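Coordinates in review
These are the residues of each chain, in order.
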Amino acid sequence: MGCSIRLKVLNLLGFWLLIFTEVVVGRFVVEKNSLRVTSPESIKGTHDSAIGNFGIPQYGGSMAGIVVYPKDNRKGCKNFDDFGISFKAKPGAMPNFVLVDRGDCFFALKVWNAQNAGAAAVLVADDLDEPLITMDSPEEDAAAAKYIVNITIPSALVDKSFGEKLKQAISGGDMVNVNLDWREAVPHPDDRVEYELWSNSNDECGVKCDMLMEFVKDFKGAAQILEKGGYTQFTPHYITWYCPQAFTVSKQCKSQCINHGRYCAPDPEQDFSTGYEGKDVVLENLRQLCVFRVANETKKPWIWWDYVTDFQIRCPMKEKKYNKECADGVIRSLGLDLKKIEKCMGDPEADSDNPVLKEEQDAQIGKGSRGDVTILPTLVVNNRQYRGKLEKGAVLKALCAGFEETTEPSVCLTGDVETNECLENNGGCWQDTTANITALQASGPGRCKISHGGCWHENRNGITFSACVDTEEGKCTCPPGFSGDGVKSCVGKTTAEVKSAWTAVWIILIGLAMAAGGAYLVYKYRLRSYMDSEIRAIMAQYMPLDSQNEVPNHLHEDRA
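For clarity, every value in this text was computed on a predicted model and none was experimentally measured. (Residues numbered from 1 in each chain as written. Predicted model: local features only at pLDDT ≥ 70, side-chain atom pairs only at ≥ 80, totals over all residues. Heavy atoms only, no water.)

1. Topic: the overall build of the protein chain
Secondary structure assignment for the protein chain yields 14 helices and 17 strands. When each of the 560 residues of the protein chain is scored for burial, the buried share is 44%. In the protein chain, the proportion of contacts linking residues at least 24 apart, taken out of those at least 6 apart, comes to 70%. Of the accessible surface of the protein chain, which amounts to about 29,900 Å², a share of 55% is contributed by carbon and sulfur atoms. (Helix = DSSP H or I, 4+ residues; strand = E, 2+ residues; numbered from the N terminus. Buried < 20%, exposed > 50% of the residue type's maximum accessible area, 1.4 Å probe, protein only. Contact = heavy atoms within 4.5 Å. Areas by Shrake-Rupley, 256 points an atom, 1.4 Å probe, with all protein chains shown as cover.)

This is how it looks when you write it as structure tokens:
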């Protein structure tokens, strides 16, 4: 069994090795930042350094510090605490940039250990006389993945000769002051930033696929706001390879490629005999490109972000839903023209070029200051490859560094970008209208500023009541005194109390009216009875009534 598995792996590796050796060797451009030594005088000047492809470079800014070279653990492969070493700067002192030697462990591990010891940045001195290279993160290492995502300090590789000069100056007792400068790492020619993301629809390729999916989901809101405001122009791209002519009829090429070996992708499970095939990935990549093109025709290119995030949620490989039927359902939910997308995709069985994928292969080749795209995922900003952690805040900082001075949008001058991605067409996400369940919830500052975050709201006598609350949870919560789901309705104590109060008022008013009416009737009756008795008494004195007996006259009796 073990031999069989090893044989499959060897066959797979051999197949892709043949593909890579057939492909013309590309031009890889190392993205650099400026490292300026301000003292001592003997090494003063500006030097190149290669930006690490992890951590968070301070794009658009600079950082000053003092270089320190540890006495022990100089390669940084072990925890510095084990040696009693701390790089944490004292209050009022400049931050420490730790210089470590290359070798024995991953670049990222060196930076992680230095960060844990209090370093503000890391410089790695090359151990070979060679041109600078990009320090990348390990491809498939579960242990490394746990700390790479938590690296927050910048790092850079310096060449061997400059590294030796730094060590000599430090050992000689000199204080080495340096300034790391990223202000020119991203060109900023005008008031619009153009950027592109080279990605992959495969969601089972390990750590990097997980990181890419998380980034797309987190960055979607910011990307759509920048695009809708006309601040940026975004273009998605996908890498494909071709199968060597001698192998186009092989089982491997047929399962990994479309259009007779012209466009290929590696097997998602790294096993030709089971699960999804490389050509399934190529077809979904092609579909996502066509979604972007059709959405762009409708002047709404940002719908691509809606499609990709929803496809991730609704059509994962692990649930066996990574297929055309599921993708079509997502497309329909976004209101896009399915026939146009299918026409754009063309015939995958045709023995001819696919215009869309042919453009992608041509675009992989570097032009001008941008090198060939060889690392996935790759972000390119203003034709310069981004280096660093693929994380919302870091990428946003890089985009903002790409605007010409004084032309950056207001979002670049604040701590965050308002994200309201679920408010229009539910962000393109799947939604069960009966249960009011959605695949994506809006979150972050500013979500309530547009349409109350999709929550219940009502205006009463000029006062607006809303169930939207600006919190990271992004939940709709009825205002105090109300109860309900917060989305469709909020009815509760306040409404009932108002109704009860008005009912009581009306009862009281009616009661008072009835009491007043009764009092008036009683008053009128008693007044009339009183008046009748008074009149009768007066009239009895001067005009005896028939009903009265004659009253004796005592005056006449006295005179008789």
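2. Comments concerning the packing of helix H7 (residues 278-297) against helix H8 (residues 303-314)
For the pair H7 and H8, interaxial distance at closest approach is 8 Å and the crossing angle is 150°. The angle between H7 and H8 falls in the class roughly antiparallel. For the element pair H7 and H8, the recorded crossing hand is right-handed. From H7, Glu-284, Arg-287, Gln-288, Val-291, Phe-292 and Ala-295 reach across to H8, where they touch Ile-303, Trp-304, Tyr-307, Val-308 and Phe-311. (Axes fitted to C-alpha atoms, helices over the stretch in contact; angles between N-to-C directions. Parallel < 35°, antiparallel > 145°, perpendicular 65-115°, else oblique. Left-handed = near helix turned anticlockwise from the far one by under 90°.)

3. Notes on the pattern of salt bridges
Enumeration over the complete set of coordinates arrives at 19 salt bridges. Put simply, Glu-297 and Lys-340 hold a salt bridge, and the shortest N to O gap is 3.9 Å. With Glu-297 in helix H7 and Lys-340 in helix H10 (residues 338-345), the pair connects residues that are 43 residues apart, well separated along the chain. Glu-297 sits in the exposed class, given a relative accessible area of 54%. (Salt bridge = Lys/Arg side-chain N within 4 Å of Asp/Glu carboxyl O.)

4. Focus on the sheet that holds strand S12 (residues 378-381)
Strand order in the open sheet formed by four strands is S9-S8-S12-S13, and the pairing between neighbours is mixed. Across the chains shown, the open sheet's two edge strands, defined by having one partner strand only, are strand S9 (232-238) and strand S13 (384-385). Where strand S8 (residues 193-199) lies against S12, four bridges are found, and the strand directions are antiparallel. Within S12, the position partnered with Tyr-195 by the bridge is Val-381. Set on the sheet, helix H11 (residues 355-364) makes contact with S8 and S9; between it and S9 the angle comes to about 100°. (Pairing = 2+ DSSP bridges.)

5. Side note on the state of the cysteines
The term disulfide refers to a covalent linkage connecting the sulfur atoms of a pair of cysteines. As enumerated under the stated definition, the model contains six disulfides in all. Disulfide pairing is shown between Cys-243 and Cys-253; the S-S distance is 1.4 Å. Disulfide Cys-243-Cys-253: torsion about the S-S bond near 55°, hence right-handed. Of this pair, Cys-243 sits in the loop between S9 and helix H6 (251-256) while Cys-253 sits in helix H6, and the two are 10 residues apart along the sequence. No difference in accessibility class separates Cys-243 from Cys-253, as the two residues are buried. Paired through a disulfide, Cys-478 and Cys-490 show a sulfur-sulfur distance of 2.1 Å. One quick way to see it: the torsion about the S-S bond of Cys-478 and Cys-490 is about -85°, and its sign makes the bridge left-handed. Of the two residues, Cys-478 sits in the loop between strand S17 (463-466) and helix H13 (493-542) while Cys-490 sits in the loop between S17 and H13, which places them 12 residues apart along the sequence. (Disulfide = S-S within 2.5 Å.)

6. Considerations on unusual backbone geometry
Cis geometry marks the peptide bond from Ser-39 to Pro-40; its omega dihedral reads 5°. Phi is positive for Asp-104, which is not a glycine, with a value near 75°. Secondary-structure assignment places Asp-104 in the loop between strand S4 (96-101) and helix H2 (107-116). Classification of Asp-104 by relative accessible area gives exposed; the value is 68%. Despite not being glycine, Asn-382 shows a phi value in the positive range, around 50°. Tracing the backbone shows Asn-382 in the loop between S12 and S13. Its relative accessible area of 12% is what places Asn-382 among the buried residues.

7. Focus on a nonpolar patch on the surface
A surface patch of nonpolar side chains, about 740 Å² in accessible area, is lined by Val-505, Trp-506, Ile-508, Leu-509, Ile-510, Leu-512 and Met-514. Turning to its location among the elements, Ile-510 is positioned in helix H13. Overall, Ile-510 belongs to the partly exposed group, its relative accessible area being 47%. (Patch = residues over 30% accessible without salt bridge, like charges linked within 9 Å, V, L, I, M, F, W, Y side chains within 5 Å.)

8. Examining the nonpolar core
Core analysis: the biggest nonpolar cluster contains 59 residues, and Tyr-195, Phe-219 and Tyr-307 have the highest contact counts within it. In terms of residues, this core owes the most to one element, H7, which gives nine residues. Counting residues in each nonpolar core, the second largest holds 24 residues, with Phe-87, Ala-108, Ala-119 and Ile-148 among its members. (Core = buried A, V, L, I, M, F, W, Y, C linked by side-chain atoms within 4.5 Å.)

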